[in-house]
Amino acid sequence: MDAREIMTSSSAVRVEIAEAVTKLTLDRPQSHNAITDDLLEGLHCAIDAAEADAECRVVMLCGAAGIFCTGMDLNEPGPGRGDHSFAGAAEPFFDLLVRFTTSTLTVVAVVDGRAAGGGVGLVAASDFVLATPRSQFSLPEALWGLLPCCVLPFLMRRIGFQRAYSMALSTVPVAAARAAEIGLVDEIGESLEIPLRRLLARVTKLRPATVAALKRYVAEFGPIHATTRQRAVDEFETLAASPDFREALGRYTRERRYPWEAHR
């Protein structure tokens, strides 16, 4: 894409604009593009700018360095959360996923590599998902004593109750081919340039009002209510404050040992 790069207030998100497409690249390769307060703020601000741009029709989300997004950053809880409390990220993250599903712009996720935890949420809430064959998708939260509270409402809308439930309970990574079979991915390709160009050639012609109307209409058949948001945030806060999770996180930050390695 022949793009011009612009600066944002967040170093975690790289923004490039080319004609009707705003490309947002999660750019924290040293942390596997994990989610932090800064990254969430950067995405919200970039979408604000894209929606205010009369020429923009598409937001395209990518990950730097061959990784899409690995979810919550266990090493950087962020200011104001205190003692590794991650509850502060739940609300802006849930609101970001809602924005994907209600925006006047078409949201396209281009996945090359690993998408885990919240990264799967970004995928599930997107309008279209393109992925390379080496990509994989997983929900590892249960291994830590957490649940993908904010992800599941959007994942269930996309792939159905049982498949979303199975991903959360098994924690087993889903390969790209299987992700396409269950509807998490729309198209797979070694090179995504051609399918991406074909998709953009169509959706960039849509009026924002039409996109908004379609999203509003289909939301009636799979609504995300305000009560769903509050339930997700409350449950996540409870689990993140539990002694089991705090102990597992403390062991990881001190010794780099995962919960399943505790007894080795």
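Draft legend 1. Summary view of the overall build of the protein chain. Within the protein chain, the regular secondary structure consists of 10 helices and 10 strands. Here the protein chain has a C-alpha radius of gyration of 18 Å; the compact-globule value for 264 residues is 18 Å, and the two agree. Each of the three principal axes of the protein chain carries a C-alpha extent, and together these read 55 × 40 × 40 Å. For the protein chain, with 264 residues in total, the buried portion stands at 50%. Placing the 28 positive and 33 negative side-chain charges of the protein chain at their respective mean positions leaves the two points 4 Å apart.

Draft legend 2. Unusual backbone geometry, seen in detail. Despite not being glycine, Asn33 has its phi angle at roughly 55°, a positive value. Assignment of secondary structure puts Asn33 in the loop between β3 (21–26) and α1 (37–52). In this structure, Thr171 takes a positive phi of about 65° despite not being glycine. Assignment of secondary structure puts Thr171 in the loop between α5 (161–170) and β9 (174–175).

Draft legend 3. Broad picture of the pairing of β3. With 5 of 6 residues buried, β3 lies mostly within the body of the structure. Counting the residues that bridge the hairpin from strand β2 (residues 13–18) to β3 gives 2 residues, and of these Glu19 lies at a positive phi of roughly 55°. Note: β3 against strand β4 (residues 58–63), 6 bridges, orientation parallel. Across the sheet, the residue bridging to Leu24 is Leu61, located in β4. With α1 bridging β3 and its parallel neighbour β4, the resulting β-α-β unit is right-handed.

Draft legend 4. Structural view of the packing of aromatic side chains. Scanning all chains against the criterion turns up 8 aromatic pairs. On the basis of an interplanar angle of 10° and a centroid distance of 6.0 Å, the ring pair of Phe161 and Tyr165 is categorised as stacked. With Phe161 and Tyr165 both in helix α5, this residue pair falls 4 residues apart, about one helical turn. Ring centres 5.2 Å apart and planes at 80° place the aromatic pair Tyr217 and Phe221 in the edge-to-face group. Each member of the aromatic cluster is reached from another via a ring pair, and the members are Trp144, Tyr252, Tyr258 and Trp260. Note that Arg256 overlies the ring of Tyr252, its terminal NZ or CZ placed 4.8 Å from the centroid.

Draft legend 5. Structural context of the sheet that holds strand β6 (residues 114–116). Taken together, 3 strands build an open sheet; the order of strands is β6-β8-β9 and the sheet is mixed. Each edge of the open sheet carries a strand with a single partner, namely β6 and β9. Of the strands in this sheet, β6 and β8 (136–138) touch helix α3 (residues 118–125), which is tilted by about 100° from β6.

Draft legend 6. Up close: the packing of α3 against helix α4 (residues 152–159). Where α3 contacts α4, the axes come no closer than 8 Å and their chain directions differ by 45°. Here α3 is positioned oblique relative to α4, judged by the angle of their axes. Helix-helix and strand crossings are classified by hand; for α3 and α4 the assignment is left-handed. From α3, Val120, Val123, Ala124 and Ala125 reach across to α4, where they touch Phe154, Leu155 and Arg158. Across the contact of α3 with α4, the residue classes tally to 6 nonpolar, no polar and 1 charged.

Draft legend 7. Representation of the pairing of strand β5 (residues 106–111) within the structure. By the criterion of burial, β5 is predominantly enclosed, with 6 of the 6 residues buried. The two faces of β5 match: Thr106, Val108 and Val110 on one face and Val107, Ala109 and Val111 on the other face are all buried. Both β4 and β5 contribute to a ladder of 4 bridges, which runs parallel. Across the sheet, residue Val59 finds its bridge partner in β5, namely Val107. The pairing of β5 with strand β7 (residues 128–131) spans 4 bridges and is classified as parallel. In the sheet register, Val110 faces β7, and the bridge partner there is Leu130.

Draft legend 8. α1, seen in detail. For α1, with 16 residues, the first-to-last C-alpha span of 23 Å sits near the 22 Å given by 1.5 Å per residue. Taken as a whole, α1 has its buried residues at Leu39, Leu40, Gly42, Leu43, His44, Ala46, Ile47 and Ala50.

Draft legend 9. Broad picture of the environment of Phe245. As for its position among the elements, Phe245 is in helix α10 (residues 243–255). When its relative accessible area of 0% is taken as the criterion, Phe245 is described as buried. In sequence terms Phe245 and Thr36 are 209 residues apart; their C-alpha atoms lie 18 Å from each other.

Thresholds applied
The residue numbers shown here count from 1 along each chain, following its written sequence. The model is predicted, so local features are restricted to residues of pLDDT at least 70 and side-chain atom pairs to those at 80 or more, both for listing and for counting; the totals for chains, interfaces and linings are taken over all residues. The side-chain numbers reported here are obtained from all heavy atoms of the structure, hydrogens and water having been left aside. Put simply, DSSP marks the helices as runs of H or I at least four residues long and the strands as runs of E at least two long, and each gets a number from the N terminus on. For a compact globule the rule gives 2.2 Å times the number of residues to the power 0.38, and the radius of gyration it is set against comes from C-alpha atoms. A simple rule labels every residue: compare its accessible area, found with a 1.4 Å probe on the protein chains alone, to the largest value its type can have, and call it buried under 20%, exposed over 50%, or partly exposed in between. Charge counting follows a simple rule: Lys and Arg are positive, Asp and Glu are negative, and His as well as the terminal groups are ignored. Charge positions come from single atoms, namely NZ of Lys, CZ of Arg, CG of Asp or CD of Glu. Strands qualify as paired when DSSP identifies two bridges or more between them. With the strands pointing away from the viewer, any crossover whose connection runs clockwise from the first strand over the helix to the second is right-handed. Here a Phe, Tyr or Trp ring, Trp counted by its six-membered ring, pairs with any other such ring whose centre lies within 6.5 Å, and the pair is stacked when the planes are under 30 degrees apart, edge-to-face when over 60, and tilted otherwise. We count a charge as sitting over a ring when the NZ of a lysine or the CZ of an arginine lies within 6 Å of the ring centre and within 35 degrees of the ring normal. In what follows, residue pairs with any heavy atoms lying within 4.5 Å of each other are defined as contacts. Interaxial angles span 0 to 180 degrees and are taken between N-to-C directions of axes, which are lines fitted to C-alpha atoms, for helices over the stretch in contact. Working definition: roughly parallel below 35 degrees, roughly antiparallel above 145 degrees, roughly perpendicular at 65 to 115 degrees, and oblique for all remaining angles. In a left-handed crossing the near helix is turned counterclockwise from the far helix by less than a right angle, and in a right-handed crossing that turn is clockwise. Under the grouping applied here, Gly and all other residues not named as nonpolar or charged are polar, the nonpolar ones being Ala, Val, Leu, Ile, Met, Phe, Trp, Tyr, Cys and Pro and the charged ones Asp, Glu, Lys and Arg. The span one expects for a helix is its residue count, reduced by one, times 1.5 Å.

By themselves, these observations are geometric and do not establish any function.
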